[in-house]
Amino acid sequence: MSRGANPLGRALGALGLAPALLAGCGNGGGGTVPSICFSFVPDAAPSASTVVARSGSGSSCELLVVELVLTDVTDVFAVSFRASFDPSLLAYDGHSLAGSHLTSDGAQVQALETVGQGEVQLGLSRLNPAGGIDFGGPQVFVKLLFRKPVGAQGGSGRLDFADTQVFDSQQPPQPKPGIVWLGGTVRLE
């Protein structure tokens, strides 16, 4: 097909839209539509006695990796939480313990996960006799993996946490008070 023979291209050109649509493609005007990509803006940087969500390595236009980072908390045996998100922007694709500080001393971790529309409940527990582990400074304890839902059009929304607990290694494990959980804003653009 010769240049200018594409009816859609002629229509967009006549409206002055073709340059605007192709400007971000990086393909030299080859005519492909740019992908919509993930970005994540955390509510805060890690600080003492917080769990902060942040964008993790491995994030791309197709995959959002959200690291949950716990800072300056001792004797951590287990964590549990419910993450809520906009299902028109995010499709939950599982979790990863790769690089988790919960396993950094060789301990095994058991995960219990329940997935619903726009939310996931996740509990992580170090297996006995591992005991608790100290989080000195910001340390990742789990990565949440998200993909674009089928038909995603873009937009922004929240990733938030509720029903949050961090447990110590007493028998039975006891909730550790005063830990603040902070989410962030997801953008698909």
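For the structure, check the block above.
Quantities reported herein were computed from a predicted structural model and do not represent experimental measurements.

Cut-offs applied
- Residues numbered from 1 in each chain as written.
- Predicted model: local features only at pLDDT ≥ 70, side-chain atom pairs only at ≥ 80, totals over all residues.
- Heavy atoms only, no water.
- Helix = DSSP H or I, 4+ residues; strand = E, 2+ residues; numbered from the N terminus.
- Buried < 20%, exposed > 50% of the residue type's maximum accessible area, 1.4 Å probe, protein only.
- Contact = heavy atoms within 4.5 Å.
- Areas by Shrake-Rupley, 256 points an atom, 1.4 Å probe, with all protein chains shown as cover.
- Salt bridge = Lys/Arg side-chain N within 4 Å of Asp/Glu carboxyl O.

Draft legend 1. Local environment of the overall build of the chain. Regarding its fold elements, the chain presents two helices and 11 strands. Order of helices (α) and strands (β) in the chain, N terminus to C terminus: α-α-β-β-β-β-β-β-β-β-β-β-β. Looking at the chain residue by residue over its 189 residues, the buried ones come to 35%. Long-range pairs, those at least 24 residues apart, make up 71% of the contacts in the chain between residues at least 6 apart in sequence. Accessible area for the chain stands at about 9700 Å²; split by element, carbon and sulfur atoms hold 54% of it.

Draft legend 2. The pattern of salt bridges, seen in detail. Enumeration over the complete set of coordinates arrives at eight salt bridges. Among the salt bridges present, the one from Lys148 reaches Glu62, with a minimum N-O distance of 3.2 Å. With a gap of 86 residues between them, Lys148 in the loop between strand E8 (133-147) and strand E9 (155-167) and Glu62 in the loop between strand E2 (50-55) and strand E3 (63-76) connect regions that are remote in the sequence. When its relative accessible area of 44% is taken as the criterion, Glu62 is described as partly exposed. Notably, a salt bridge pairs Asp163 with Arg82, separated by 3.1 Å at the nearest N-O pair. One end of the pair, Asp163, is in strand E9; the other, Arg82, is in strand E4 (residues 78-85), with 81 residues separating them in the sequence. Within this structure, Asp43, Arg158 and Asp160 form a network of salt bridges that share partners.

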